[in-house]
Amino acid sequence: MLNVTPKPADSPHKRLFLHNRALQSSTVLARIEDLEAAWIDPLVEDLTDRTPPLAGRAEWKERLAGLLALERTGSPAGSYLAEKATRAQFAHVVREFALDGLTEAQNFFPAIPRLPIRAQMAVMRVLIDEFGCGNLQQTHSKLYLDLLAELGLPQELESFLDTTGDETYAFLNVFYWLTQRAADVEYFLGALAYLEASIPDAFTVQARACARLGIARGGYYTEHLHIDTFHMREMQTAIKEYEAARGLDATKLWIGARLLSGLIGGAFDAAVERAREVA
């Protein structure tokens, strides 16, 4: 939990992040719901209106494969970071996503009791890896701390509250909604399945930048290239087990994936653009 009180000047996305990380009370929850009503509810409603119903899990897998293939072609921001960014510009992007790296997967746990037992096991296998299988040196957040140290950046979560953009805060905040307040857990399953499937290609960009710039502590990225291929299969197992136990709304899986794709893509593009302007 963060012992930080949002200031009136803080953006709604920053306030929402701080409330999500605070000790929960009826007052805090009411503030969270008000902020989410103005942000995530319209996003989901728009996606729902624009999404024809999916026939089932097979069509969901086809749609996901198509989205991943499209994103695999890359983006101008990704090409710039991998091939041209200076060390200072790369450090700016690392700073931008520090709140994510330092809290990685912590906001996934509330989804566990919402799942049937066999689906819980598949998601827990993912979470166990995120926390290094109990080995502190392999915990993903520790790997990010190592990267921050090499780049001369702070180690404390609080140091990044005022240097994180709203686009990144939106990406951080969405999983609190997905795991705790989304009416249906299929949104979470679709979003996390997309994330685990997309990261091996997405983080190739950062891994290439680390190699080019001579950054030794790029293990945060290379670890994901390896482990998220396994996580991708586990998330499809979780979805299959959820369907067997409770039935499945494949359309909500797809909306969850598209929701996260838009948010994380927007956050990355904005971070690289700010790095090019500032550093």
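Note: the structure precedes this text.
Because the structure is predicted, anything quoted here is derived from the model rather than measured.

(A) Fine view of the pattern of salt bridges. The final tally for this structure, using the stated rule, is 16 salt bridges. Residues D146 and K142 are paired through a salt bridge, measuring 2.7 Å at the closest nitrogen-oxygen approach. Placement of the pair is D146 and K142 together in helix α8 (residues 140–150), with a separation of four residues, close to one helical turn. Among the residues examined, D146 registers a relative accessible area of 16% and is labelled buried.

(B) Looking closely at unusual backbone geometry. Despite not being glycine, A105 has its phi angle at roughly 70 degrees, a positive value. With a phi angle near 55 degrees, C133 is a residue other than glycine that sits in the positive phi range.

(C) Representation of helix α10 (residues 186–213) in the model. Over its 28 residues, α10 runs 40 Å from end to end, which matches the ideal 40 Å to within 8%, given 1.5 Å per residue. Along its length, α10 reaches its greatest deviation from straightness, about 45 degrees, at I199, and the proline P200 lies no more than four positions downstream. Just downstream of α10 lies G214, where phi reads positive at about 70 degrees.

(D) A look at the nonpolar core. Counting residues in hydrophobic clusters, the biggest one holds 95 residues, and the most contacted among them are W60, F175, L189 and Y221. The leading source of residues in this core is α10, at 15 residues. With residues up to four places along the chain from it excluded, the contact list for L189 reads L115, V123, M235, A238, I239, Y242 and L253.

Criteria and cut-off values
- Residues numbered from 1 in each chain as written.
- Predicted model: local features only at pLDDT ≥ 70, side-chain atom pairs only at ≥ 80, totals over all residues.
- Heavy atoms only, no water.
- Salt bridge = Lys/Arg side-chain N within 4 Å of Asp/Glu carboxyl O.
- Helix = DSSP H or I, 4+ residues; strand = E, 2+ residues; numbered from the N terminus.
- Buried < 20%, exposed > 50% of the residue type's maximum accessible area, 1.4 Å probe, protein only.
- Expected span 1.5 Å × (residues − 1).
- Bend = angle between axes of the 7 residues up to and from the residue.
- Core = buried A, V, L, I, M, F, W, Y, C linked by side-chain atoms within 4.5 Å.
- Contact = heavy atoms within 4.5 Å.

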